[in-house]
Amino acid sequence: MSLHLGTTQLAEYRQELLHWLAELECAEQDRRTLFGAYAITRLWSSAVALFALEEVLMLADGDPQLAQCITANALFVQSLVALQITSIGRDLPAETVASLKTWITQHLAESEARFPND
């Protein structure tokens with residue numbers, strides 16, 4: 001995969017991730033528990049796709065931070081899975097959604113710095 005194609009796809013995954021984060025925030029504010037669980041599922045899917053492509057590009061670049069990135073990404077995905085399981089039966093705490101937003105925002109900033117959009 002060329003770096004150009006990779007960064008173009010990364011930009012799409014980043015937008016998708018932000019979309020589902022916004023949907024999750026709305027679900028939390030409106031106390032729409034089932035839609036919140038759905039938004040977490042979509043957020044998980046978007047995150048997995050983004051992380052996989054970032055890791056491929058980092059591997060191709062020989063990035064020394066790859067192992068650290070893989071670990072951080074895996075921990076985040078695990079937290080989404082746990083949140084998805086518990087969110088089906090109860091409202092999402094605002095603090096949890098805020099924490100997810102902070103982590104995702106920071107990760108996207110680092111991703112864009114490492115692989116700028118074309």
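Rules behind the numbers
Residues numbered from 1 in each chain as written. Predicted model: local features only at pLDDT ≥ 70, side-chain atom pairs only at ≥ 80, totals over all residues. Heavy atoms only, no water. Core = buried A, V, L, I, M, F, W, Y, C linked by side-chain atoms within 4.5 Å. Buried < 20%, exposed > 50% of the residue type's maximum accessible area, 1.4 Å probe, protein only. Helix = DSSP H or I, 4+ residues; strand = E, 2+ residues; numbered from the N terminus. Contact = heavy atoms within 4.5 Å. Expected span 1.5 Å × (residues − 1). Arc of directions from axis to C-beta. Lys, Arg positive; Asp, Glu negative; His and termini not counted. Salt bridge = Lys/Arg side-chain N within 4 Å of Asp/Glu carboxyl O.

Asker: Provide a residue-level description of the nonpolar core, including the pertinent values.
Answerer: In this structure, L17, L24, L43, F76, L80 and I104 are the most contacted members of the largest nonpolar core, which totals 26 residues. For this core, the secondary structure elements donating two or more residues are α1 (3–30), α2 (33–61), α3 (66–87) and α4 (94–114). Ranked by residues supplied to this core, first place goes to α2 with nine residues. Apart from the residues within four sequence positions on either side, L17 is in contact with L43, S46, A47, L50, I104 and L108.

Asker: Run through α3, naming residues and quoting values.
Answerer: Taking 1.5 Å as the rise per residue, α3 with 22 residues should run 32 Å; its terminal C-alpha atoms sit 31 Å apart, in good agreement. All of the buried residues along α3 are L66, C69, N73, F76, V77, L80, L83 and S87. In an axial view of α3, the angular spread of the buried residues amounts to 120°, which keeps them on one side of the axis. Projecting away from the buried face of α3 at angles above 90 degrees are the exposed residues A67, Q68, L75, Q78 and I85.

Asker: Go over the side chain of E28, please, and point to the residues and values.
Answerer: Assignment of secondary structure puts E28 in helix α1. Of the side chains bearing the opposite charge, R31 lies closest to the buried E28, which forms no salt bridge; the N-O distance is 6.4 Å. Not counting chain neighbours up to four residues away, the residues in contact with E28 comprise L92, P93, A94 and V97.

Asker: Explain the pattern of salt bridges to me, using residue names and the numbers behind them.
Answerer: Here the idea is simple: oppositely charged side chains can pair when their charged atoms come close. Evaluation of the coordinates by the stated rule reveals three salt bridges. Note that D30 and R32 form a salt bridge whose closest N and O atoms lie 3.9 Å from each other. By relative accessible area, R32 is classed as partly exposed at 37%. The salt bridge partner of D63 is R114, with a shortest N-O separation of 3.1 Å. Taken as a pair, D63 in the loop between α2 and α3 and R114 in helix α4 lie far apart in primary sequence, 51 residues in all. Judged by its relative accessible area of 30%, R114 is partly exposed.

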